[in-house]
Amino acid sequence: MGLAVLAGGLSFVGSAEATELITDGSFENTTAGGSPIVKVGGTANPGLGGGWSSFSTYLYSTLYTLPGPADSGLQFLRPYAPNQVVTQLMSLTAATTLTPAKIDGGQASFTMSAWFSSYLSQGDYSDLTLEFLDGTTNVVGSPIALGGSDFVANLPTGPNTKYPDAKEWGQDTKAGTIPAGARMARVTIASTAINGLPDGYVDLVSLDVVDETVGTPTVASANPPNNAVSVGPVVNIGVTLRDRSTAVNTDLIQLFLDSNLVSPSIQKVDTNTIVQYAAGLLPALTPHTYKIVFSDNGTPVTTQTNQFRFTVADYLTLPASLGSPLGSEDTTKPGFNVSVYQVDTLPLTDPPTVQVDLPPSIGFSEAVLAGLLGPNVADLRGAAGNTFEVPGVVNWVAFGGATANFPNDEPFPGIPGTSGSEFSFIHDLRTFVRFPASGYYQMGINNEDQFRLTAATVGYQTLQLLAPTNMVIPCVPIATNITQLQFGGSLPLSPLAASVAYATPSGNPDDACRIGTNTSLAGKIVLLDRGATNCDSAFKAEQAQLAGAVAVLETTPGDTGYPFRLDDINTNVRIPVLAIAESYGAGLLKSYLTNGIPVTAVIRGDGSPRIAEWDGPKGFGAVDVNVGFAVPTAGVYPLRLVSGQEAARANLEWFSIKPDGTRILLNDPSNTDALRAFRARNAGALPVLNAPAVSGTTVNISWTGVGMLEDATSVRGPWGASPNQNNPQPVPATQGTKFYRIRQH
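Quick caveat, the model's predicted, so the values are computed rather than measured. Going along each chain's sequence as written, the residues are numbered from 1 onward. Note on the predicted model: pLDDT of at least 70 is required for a residue's local features to be given, and 80 or more for side-chain atom pairs to be given and counted; whole-chain, interface and lining totals, by contrast, use all residues. No hydrogens and no water enter the side-chain calculation; it runs on all heavy atoms of the structure.

Re the overall build of the protein chain
Here's step 1: In DSSP terms, a helix is any run of H or I states spanning at least four residues, a strand is any run of E spanning at least two, and both are numbered starting from the N terminus. Scanning the protein chain from terminus to terminus reveals five helices and 51 strands.
Here's step 2: Values of the radius of gyration come from C-alpha atoms, whereas the globule rule sets the reference at 2.2 Å times the count of residues to the power 0.38. Against the 2.2 N^0.38 benchmark of 27 Å for 745 residues, the protein chain shows a C-alpha radius of gyration of 29 Å, consistent with a compact globule.
Here's step 3: Oriented by its inertia axes, the alpha-carbon framework of the protein chain measures out at about 90 × 60 × 60 Å.
Here's step 4: For every residue, the accessible area obtained with a 1.4 Å probe (protein chains only) is divided by the maximum for its type, and the residue is called buried under 20%, exposed over 50%, and partly exposed between those limits. Across the 745 residues that make up the protein chain, the buried fraction comes to 55%.
Here's step 5: In the protein chain, 77% of the contacts between residues at least 6 apart in sequence involve partners at least 24 apart.
Here's step 6: Here the protein chain has roughly 28,600 Å² of accessible surface; of this, 53% comes from carbon and sulfur atoms.
Here's step 7: The charge count includes Lys and Arg as positive and Asp and Glu as negative, but it does not include His or the ends of the chains. Every charge is mapped onto a representative atom, which is NZ of Lys, CZ of Arg, CG of Asp or CD of Glu. Each charge class in the protein chain can be summarised by its mean position, and for the 39 positive and 60 negative side chains these summaries are 7 Å apart. By definition in these notes, contact holds between two residues if any of their heavy atoms fall within 4.5 Å. Here the open area of atoms and residues is found with the Shrake-Rupley method and a 1.4 Å probe, where only the protein chains shown may cover a residue.

See the structure below:
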């Protein structure tokens, strides 16, 4: 029965028995959550057969526990408020061969199973309760309890790469006969906090039911489970068939993937027949079906057909246009080009400035690298300009920083700076990675602060004035796919150019609390003052949105610090929101607008293919952020890692991950499985943008050679990576004026 933990919500076309009732027992069907290590899933009121109520998960890469049980997937349940209680309600008869008569006759049995753990050894726990219900949801029989405080307290602890006393995972199982009168089952998971947040972790929840009257073989488990989402992307199909009074005839098994007959491996183990097929790398977000047809050795022969549906996870495929052939890497220049920029921590004032260290923001980090926040005080001895040649690996640590996955850390290049400080610095790592074959690769970044990993060599600024002067204003984007998004929409990947309107020229921040009916703000980028007491920053942004604004800039009057991340909450705000500071552009912007000088600005996000990021404060210490992506063609591809550090305890590791989970530092010369990195490559002749080809209302953009396509709404910029790097690509001729160019990496 243990194999059933992989199944969930099986769909049967024939007369087979449904052994697994839990949908998504491994909590893998999730979307992005509050951070790269937190995902969310379920629905608020799922109803009968609707799966879990709303829940959130942690990734195993956080290392908050020891490694999970076999087949545990990428994540586990973290039942935090407001979803501290998670439930699922399911029918006992809807998708099974069980009938009310069989249940009432004592011919239906169950096995309830789940795995439990806790954060460190602090004692937080979850209780799982299984209840059987009649047709009107009255409880029938006695509830069955799993987990709980005593169970979790007895779980052993052991060291992992992060904590010396992390809890292991333990399985609790109960079995019995389904009570007469039962028609539904309800599973409830509730977490209790002993210390801090309720870290009662749960995974691999399974409720097996068995029709004791069925004598023909049955499907014991199927992976991917029916209606699963975010599967793969390297998909391995596995179906386990269980013999009963008759046995599976292994010569008559057929497996179909998307109606195509495939050739699986078939293995008989005791009374189980294990059918496996490696479907390989399937395209992102594509739906698929697989179907198994099998017969028994009875007389007469019984044939059953079972079909399952799933959707592949979303993942990035590196644009083939960015790659150059194998052999184009410059083997005389192994490693990384690493630029470092450090600024002085701002002096404290009375009252204290709000942000004296660099804010945890990639958008702001790009401004620091561009030299917009003051002189570079990093120690640049041994650098060419501000760039170091690093021929080895990226395994760096500052004083007090964590040694995460790999020993033998080295200091950050250029740090400590000329003043001895290890605060407020940004590193820009550029390299060309050799991918020896096409396929799916995984990489990981371990650090304590913000980072972004892209397929690029240059970065782009978020906020730029076009008139009356051309200048970049350093900003902290609130409205992007940041780690802790509280309000605001995504940054546009195509330039958003508009005039700027000052919504609080009175100097009273509270005036922004009632601008929702100000139609003069429609189509504008709205600058407003934050602070005061009548409403918060998110409410003001919503008011600007109601007035028709396309974006919001918020600044704090009198603040002499760096701009800081706004942490108000309002899910209604869907336009970009940027925090700027009076000392770094906001004061000049106000001066223009209050003196009647028209201002035009442009906002855009970094359109470079984004592999991984953590764009915000961590608060968890050094953790892994792991990601997978596809390489369409073997070759050499540009990668760029921007890593920021706001205060103390910095570290940085950049590694690849083998399919078995083994981490290997990028460019590790001592490991033959390491991906090789180079500071330069020969990409051939300079790329050439071909003459656009017009076909009806479509313009086809194409180029020859290797390079990144960039676009702008003005020939003077700002230029940024085009969201689409396909070569060629169709562009609607009705989208307005657009300029294109090719940048060679």
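Some remarks on the sheet that holds strand β12 (residues 184–192)
Here's step 1: Taken together, four strands build an open sheet; the order of strands is β5-β12-β7-β8 and the sheet is antiparallel. One side of each edge strand has no neighbouring strand; the edge strands of this open sheet are β5 (85–91) and β8 (139–147). The average undirected angle you get between the axes of adjacent strands in this sheet is 15°. By this definition, two strands are paired if DSSP reports at least two bridges between them. With axes taken as lines fitted to C-alpha atoms, and helix axes fitted only over the stretch in contact, angles between N-to-C directions fall between 0 and 180 degrees.

A look at the nonpolar core
Here's step 1: Counting residues in hydrophobic clusters, the biggest one holds 60 residues, and the most contacted among them are F435, M443, L639 and W654.
Here's step 2: Among the elements that take part in this core, strand β39 (residues 623–631) stands out by supplying five residues, more than any other.
Here's step 3: Setting aside anything within four residues of it in sequence, one finds W654 in contact with F336, V394, L429, T431, M443, G444, I445, L453, L639, L641, L665 and L666.
Here's step 4: Core analysis: the second largest hydrophobic core is formed by 38 residues, A512, A547, V573 and Y584 among them. Working definition of a nonpolar core: buried Ala, Val, Leu, Ile, Met, Phe, Trp, Tyr and Cys residues. They are joined through side-chain atoms within 4.5 Å.

Remarks on the packing of aromatic side chains
Here's step 1: Only Phe, Tyr and Trp rings take part, Trp by its six-membered ring, and two of them pair if their centres are within 6.5 Å. Stacked means planes under 30 degrees apart, edge-to-face means over 60, and tilted covers everything else. Evaluation of the coordinates by the stated rule reveals 25 aromatic pairs.
Here's step 2: Arranged with centres 5.6 Å apart and planes meeting at 40°, the rings of F336 and W654 form a pair that is tilted. Highlighted residues: F336 in strand β24 (residues 336–342) and W654 in strand β41 (residues 651–657), separated in sequence by 318 residues. As far as burial versus exposure is concerned, F336 and W654 are alike and both buried.
Here's step 3: Ring-pair connections join several aromatic residues into one group, and the members of that group are Y58, Y60, Y64, F76, Y80, Y119, W169 and Y201.
Here's step 4: Note on criteria: charge over ring means Lys NZ or Arg CZ within 6 Å of the ring centre, with the direction from the centre no more than 35 degrees off the ring normal. Here the guanidinium or amino end of R78 rests over the ring plane of Y58, the centre of that ring lying 4.5 Å away.
Here's step 5: Residue placement shows R78 over the ring face of Y80; its charged tip is 3.8 Å from the ring centre.

As for the pattern of salt bridges
Here's step 1: Think of a salt bridge as a Lys or Arg side-chain nitrogen and an Asp or Glu carboxyl oxygen that are within 4 Å of each other. All told, the structure shown has 22 salt bridges when counted by the stated rule.
Here's step 2: A salt bridge links E613 to R452, with the shortest nitrogen-to-oxygen separation between them at 2.7 Å. Here E613 is found in strand β38 (residues 610–614), whereas its partner R452 is found in strand β29 (residues 451–454), with 161 residues between them in sequence.
Here's step 3: As a salt-bridge pair, D615 and R452 come within 3.4 Å of each other at their nearest N and O atoms. Pair noted here: D615 is in the loop between β38 and β39 and R452 is in strand β29, with a separation of 163 residues, a long-range link.
Here's step 4: Salt bridges here are not isolated pairs; linked through shared partners, they connect E366, D428, R430 and R640.

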